[in-house]
Amino acid sequence: MYDQFADFDGHALVTTRQDHPSGLSAIIALHNEHRGPAMGGCRILKYPSTDAAMKDVLRLSRGMTYKNAIAGIPYGGGKAVIIADPTMKKNVGLLHAMGDFVESLGGRYITSFDSGTSLDYVRTIGERTNFVAGTLVEAGDASGTTANGVYHCMRAAAEIVFGSPDLCGMRIAIQGVGNVGGRLAERLARDGASLIIADLDPEAARQVAGQTGAELSAVDDLLGVEADIISPCALGGILTAQSIAGLKARIVVGGANNQLATIEDDTRLLAAGILYCPDYIANAGGIIDLHYQRSAWSAEAVERHVLVLADTFREVAERSRTTGRGTAAIANVLAEERFRPAARRTA
Ligand code: NAD
């Protein structure tokens, strides 16, 4: 039934809901449940068509299976999308209807925030279902943990390429200084890194530059600046044949999802001698935090687990070195080893 969508990958469940009183139009897709219930955020976007929303939710839910497996947490991959204008005023009725939709799956899907949804929205959804994650007050905003994971993977990459994890004196370019990139910049500045940043929002860029001493770059120039490390923390699809040809950095590690435009770009990075940390390893800190928020959260437990991401990246980089395959391809194989049925509960 969903075979016409290239992103359909034998998903475990795809279900839609139209709720006329509230105006909810939503899709939940569960890609794989072998490791446990499917977890992934709920996105609100004004999709141009239902097919566009379906394509997005199928792709994103599949990505969550890989991310949750590589993060070593007991969850499968799922995602929800609400077709609506993300800039609209908060609509409690719509969010409650979404909560009812999540609840109707009886725990097969656990939702959280994503683009277009805030923690406040997740709390409102959570008034109708317990199957939400990320609302534990003492944990704060999980974006901080995402930034922390990027930071540790960056140190691992520096050790592999430059022989030391110390980022002091490294020139690091950050694309996008929002929730993740902004926090990363603060951490790197404390380490003594020399930063260069760009953001579409000039005020956000100026603010972070003021706090960290970062140099400002034009948005269009950032990927090609002279730097040791590039950290994409804005949007996906930015590593293309063209942008890779212009990269001067030897390392790419960032929080943005789906950084490679195509899987061929993985091979291009390898051929260019650039070490790429697969995005879903670098940015899995947030989902690890959500896992602990649903079990036994403590800052120490989360930090210990986030450090494992850097170990996983080291393993991926080593396998890449010995096999001559790109790091993204290796990460996919490693994740698949972890979510195949036989691998359940062993990784
Ligand atoms: P955000 O919206 O807070 O920040 C993104 C920033 O990037 C914004 O300030 C925006 O103005 C800027 N931006 C957009 N396009 C840009 C461009 N072309 N050049 C420079 N700047 C640009 O988002 P976030 O929560 O920081 O997430 C950043 C990325 O990380 C996204 O791809 C997101 O999906 C991914 N991610 C985030 C988390 C998390 O915990 N927040 C977890 C996993 C993955």
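Residues numbered from 1 in each chain as written. Predicted model: local features only at pLDDT ≥ 70, side-chain atom pairs only at ≥ 80, totals over all residues. Heavy atoms only, no water.

(A) Spotlight on the layout of surface pockets. Volume-wise, the second largest pocket comes out at about 310 Å³. Those elements that provide at least two residues to the lining of the second largest pocket are helix H4 (143-162), helix H8 (264-271), strand S12 (275-276) and helix H11 (299-323). Residue contributions to the lining of the second largest pocket peak at five residues, all from H11. (1 Å grid on protein atoms, 1.4 Å probe; cavity = no way out; pocket = protein on both sides within 12 Å on 5 of 7 lines; lining within 4 Å. Points joined across faces, edges and corners; volume = space filled by probe spheres on them. Helix = DSSP H or I, 4+ residues; strand = E, 2+ residues; numbered from the N terminus.)

(B) A look at the site of the ligand. As a matter of local geometry, the ligand sits amid 20 residues, with Thr146, Val180, Asp199, Leu235 and Asn257 nearest to it. Take Ser143: an N or O atom from its side chain is 3.1 Å from a nitrogen atom of the ligand. Between the ligand and Gly255 there is a distance of 3.0 Å, counted from an oxygen atom to a backbone nitrogen or oxygen. Against a free-state accessible area of 830 Å², the protein chains account for coverage of 73% of the ligand. Of all the secondary-structure elements, those providing two or more residues to the shell around the ligand are H4 and helix H5 (179-190). Of the residues contributing to the shell around the ligand, the split by class is eight nonpolar, nine polar and three charged. (Near = heavy atom within 4 Å. Polar contact = N/O pair within 3.5 Å; in protein donor to acceptor, adjacent residues only side chain to side chain. Areas by Shrake-Rupley, 256 points an atom, 1.4 Å probe, with all protein chains shown as cover. Nonpolar A, V, L, I, M, F, W, Y, C, P; charged D, E, K, R; others polar.)

(C) Layout of the packing of H4 against H11. Between H4 and H11, the shortest axis-to-axis distance is 9 Å and the interhelical angle comes to 40°. For the crossing formed where H4 meets H11, the hand is right-handed. Residue-level contacts link Thr145, Asn148, Gly149, His152, Cys153, Ala156, Ala157, Glu159 and Ile160 of H4 to Val302, Glu303, Val306, Leu307, Leu309, Ala310, Phe313, Arg314 and Ala317 of H11. Among the residues making up the contact of H4 with H11, the classes are represented as eleven nonpolar, four polar and three charged. (Axes fitted to C-alpha atoms, helices over the stretch in contact; angles between N-to-C directions. Left-handed = near helix turned anticlockwise from the far one by under 90°. Contact = heavy atoms within 4.5 Å.)

(D) The domain arrangement of the chain, seen in detail. Splitting the chain by domain gives domain 1 (13-65 + 74-135) and domain 2 (143-337). Distance between the C-alpha centres of domain 1 and domain 2: 27 Å. On the side of domain 2, six residues touch domain 1, which itself brings 13 residues to the contact. A buried area of about 860 Å², summed over both sides, lies between domain 1 and domain 2, and 59% of it is on carbon and sulfur atoms. By the criterion of area lost to domain 2, the three top residues of domain 1 are Met39, Tyr75 and Gly134, representing 34% of everything that side buries. (Domains from an automatic or database assignment. Buried area = accessible area lost by both parts, 1.4 Å probe.)

(E) Layout of the side chain of His11. With respect to the element layout, His11 can be found in the segment before strand S1 (13-19). Note on His11: relative accessible area 7%, which makes it buried. One polar contact links His11 to Ser61, side chain to side chain, over a distance of 3.0 Å. (Buried < 20%, exposed > 50% of the residue type's maximum accessible area, 1.4 Å probe, protein only.)

(F) How the structure looks around the nonpolar core. By size, the foremost hydrophobic cluster in this structure holds 61 residues, and its most contacted members are Ile172, Ile174 and Leu188. Of the domains in this structure, domain 1 (13-65 + 74-135) and domain 2 (143-337) are the two that each give at least three residues to this core. In this view, Ile172 contacts Met154, Leu167, Leu188, Ala193, Ser194, Leu195, Ile196 and Ile229; residues no more than four positions away in its chain are not counted. Judged by nonpolar contacts, the second largest core, of 22 residues, contains Ile28, Ala84, Tyr121 and Ile125. (Core = buried A, V, L, I, M, F, W, Y, C linked by side-chain atoms within 4.5 Å.)

(G) Representation of H8. Looking only at H8, the buried set comprises Asp265, Asp266 and Leu269. Burial along H8 is one-sided: seen end-on, the buried residues are contained in an arc of 110°. Against the buried residues of H8 lie helix H7 (241-245), S12 and helix H12 (327-339). Once H8 ends, the next one or two residues include Gly273, with phi positive near 75°. (Arc of directions from axis to C-beta.)

(H) Main features of the pattern of salt bridges. Under the defined criterion, the tally for this structure stands at 17 salt bridges. Where Arg59 meets Asp56, a salt bridge forms, and the shortest distance between an N and an O atom there is 2.7 Å. With a gap of three residues between them, Arg59 and Asp56 both fall in helix H1 (residues 50-70), about one helical turn apart. Judged by relative accessible area, Arg59 falls into the partly exposed class, the value being 33%. Of the residues examined, Asp56 reaches a relative accessible area of 9% and is grouped as buried. (Salt bridge = Lys/Arg side-chain N within 4 Å of Asp/Glu carboxyl O.)

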